[in-house]
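Close look at the chain arrangement
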Amino acid sequence: MLNSMKCNSQAILNQLFRVVFLLLIISSFLLTSCAGIKRQRTFKQVNSALATDFYDNHFTGFMVIEPEKMDTLFEANANRYFTPASNVKIVTLFTALNLLPDHIPTLSYRAHKDSLFIQGTGDPSWMHPYFNDSTAISFLKKYETIVFNTANFTDDPFGPGWAWEDYEYAYSPELGALPLFGNVLSVHRQDSLVIRPNIFEGHVVQNSNSKKRERYSNRFYIPDELQDTLQIPFITNDTLSQKMLEQLTRKNVVIASKMDNGPKQVLFGLPTDSIYKRMMFESDNFLAEQLMLVASSTISDTLSFKIARDHILNIQLQDLTNQPRWVDGSGLSRYNLFTPESLVAILLKMYRELPPERLFSFFPGWNQEGTISSPKPNDKAPYIFAKSGSLGNNYNLSGYLKAKSGKWLIFSFMNNHFKKSSSAVRQQMENVLKILHESY
């Protein structure tokens, strides 16, 4: 009797187990089916939006993934190469995050008695119009003689493929080992003209000249009726750097072809995150290029974009399916070539490696008007956090999108060689991205 009851109880338990197991299988199947149906519906909506004649006569590449499940929601020409423009700054950010410490290396030095032997690290913040950092200047003032070695910078002052006629525009300053004042002349009017650095007083002319600066000399032209602050790149050279350093420190500065023998120390400056945010939000080409030089200073005695680039491509990005053609840090060059798939892969690496609050602080909000620093009081909070990239006839956007479900998506949306307006392209892009936001 007792054995019979035990057998019946075991049979009931076994039957319950089978029922529960079957219910779990059915639930899993239903959830999987729902997810599959949802994915198919999203794919069809996006595909339909991209199938319009708007996209007929220019090149478009698009890739979207859900990072938590490593699920590719959509891809079109994702492994084709595009001119990325300032989307390159995403890769520069990735490089800096991997190679630079929390505070930027601002100066390499060796002290000997009352002399200080120095080399620049490429830090762009020295007396920069926005950062106005004087950390290194204060440090230099402690010594009577400053011996400045400039031989560690091997790159050209302009990147490969940069437009030669951009020399006079604020987005295209020269590059260097120890840039001062952002390598730009800043002019604004108070009671009179305020010129910074003031070493150029006497070199600024007010007239209606269409050029802002002479091609081969530091002679500048500003409008008679100057309204806003005007920034014009100046031509850099060792002698000019020497004079500006002497003026800033009130010390004797000597240019030397060699660095003093012996171990060097590093002086650190601003928090690097503050420089990254400025680069990404303002799409600042100068900061991007200089960050690549600073990154190279952490792995070599030579400052060179190529050193930092090759290190990242050969180590951190060696697993990219489509290796890019990457020639500068800012994206000013049309020689750069990246695929949507590669940009998504790099964004995914950052998504996995950084805390969300830090990661998303580097990416500005975006809407069809373009990059937005912060929404207006009556606007809805942005759901797209991404870096745009534009050159003539090209507009790209890569970053992170938050769906209404709360899930984060990673995307790269690239448009090249269109003859329409950029605003029309942005409008179409927002239409597609809004589908992802609302339906996933």
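Residues numbered from 1 in each chain as written. Predicted model: local features only at pLDDT ≥ 70, side-chain atom pairs only at ≥ 80, totals over all residues. Heavy atoms only, no water.

Description of the pairing of strand S2 (residues 71–76)
The sheet contact formed by strand S1 (residues 59–66) and S2 spans five bridges and is antiparallel. Bridging from a neighbouring strand, Ile 65 pairs with Thr 72 of S2. As consecutive antiparallel partners, S1 and S2 are separated by four residues, and within that stretch Met 70 has a phi angle of approximately 50°, a positive value. (Pairing = 2+ DSSP bridges. Helix = DSSP H or I, 4+ residues; strand = E, 2+ residues; numbered from the N terminus.)

So, helix H5 (residues 272–282)
All of the buried residues in H5 are Thr 272, Ile 275, Tyr 276, Met 279 and Met 280. Take H5 and look down its axis: the buried residues cluster within an arc of 125°, on one side only. Packed against the buried residues of H5 are helix H2 (88–99), strand S3 (103–112), strand S12 (265–271), helix H6 (285–297) and strand S15 (384–391). Downstream of H5 by one or two residues, Ser 283 has phi in the positive range, about 50°. (Buried < 20%, exposed > 50% of the residue type's maximum accessible area, 1.4 Å probe, protein only. Arc of directions from axis to C-beta. Contact = heavy atoms within 4.5 Å.)

What to know about the sheet that holds strand S7 (residues 193–196)
Spatial strand order, S7-S6-S10: three strands in an open sheet with antiparallel pairing. One side of each edge strand has no neighbouring strand; the edge strands of this open sheet are S7 and strand S10 (230–233). This sheet shows a mean twist of 20° between the axes of neighbouring strands, independent of strand direction. Pairing between strand S6 (residues 184–189) and S7: four bridges, direction antiparallel. Residue Arg 189 lies in a different strand from S7, and its bridge partner there is Leu 193. (Axes fitted to C-alpha atoms, helices over the stretch in contact; angles between N-to-C directions.)

Section: the layout of surface pockets
Approximately 300 Å³ is the volume found for the second largest pocket. Lining the second largest pocket are 16 residues, with His 128, Ala 170, Gln 231, Arg 278 and Asp 284 positioned closest to its centre. If you list the elements that add at least two residues to the lining of the second largest pocket, you get H5 and H6. Residue composition of the lining of the second largest pocket, by class: eight nonpolar, five polar and three charged. (1 Å grid on protein atoms, 1.4 Å probe; cavity = no way out; pocket = protein on both sides within 12 Å on 5 of 7 lines; lining within 4 Å. Points joined across faces, edges and corners; volume = space filled by probe spheres on them. Nonpolar A, V, L, I, M, F, W, Y, C, P; charged D, E, K, R; others polar.)

Some remarks on the pattern of salt bridges
When the charged atoms of two side chains lie near each other, side chains of opposite charge can form a pair. Throughout the structure, instances matching the rule amount to seven salt bridges. A salt bridge links Lys 407 to Glu 66, with the nearest nitrogen and oxygen atoms 4.0 Å apart. Separated by 341 residues along the polypeptide, Lys 407 in the loop between strand S16 (394–402) and strand S17 (408–416) and Glu 66 in strand S1 bring together distant segments of the chain. The class for Lys 407 is partly exposed, based on a relative accessible area of 32%. Linking Asp 310 and Arg 309 is a salt bridge whose minimum nitrogen-to-oxygen distance equals 3.0 Å. Using a relative accessible area of 18% as the deciding quantity, one classes Arg 309 as buried. (Salt bridge = Lys/Arg side-chain N within 4 Å of Asp/Glu carboxyl O.)

Thoughts on the nonpolar core
Trp 326, Met 350, Phe 363 and Tyr 400 are the most contacted members of the largest nonpolar core, which totals 58 residues. If you list the elements that add at least two residues to this core, you get S1, H2, H5, H6, helix H7 (305–314), helix H8 (340–353), helix H9 (356–361) and S17. Top contributing element to this core by residue count: H6, with eight residues. Leu 116, Trp 126, Ile 137 and Phe 139 belong to the second-largest nonpolar core, a separate cluster that totals 33 residues. (Core = buried A, V, L, I, M, F, W, Y, C linked by side-chain atoms within 4.5 Å.)

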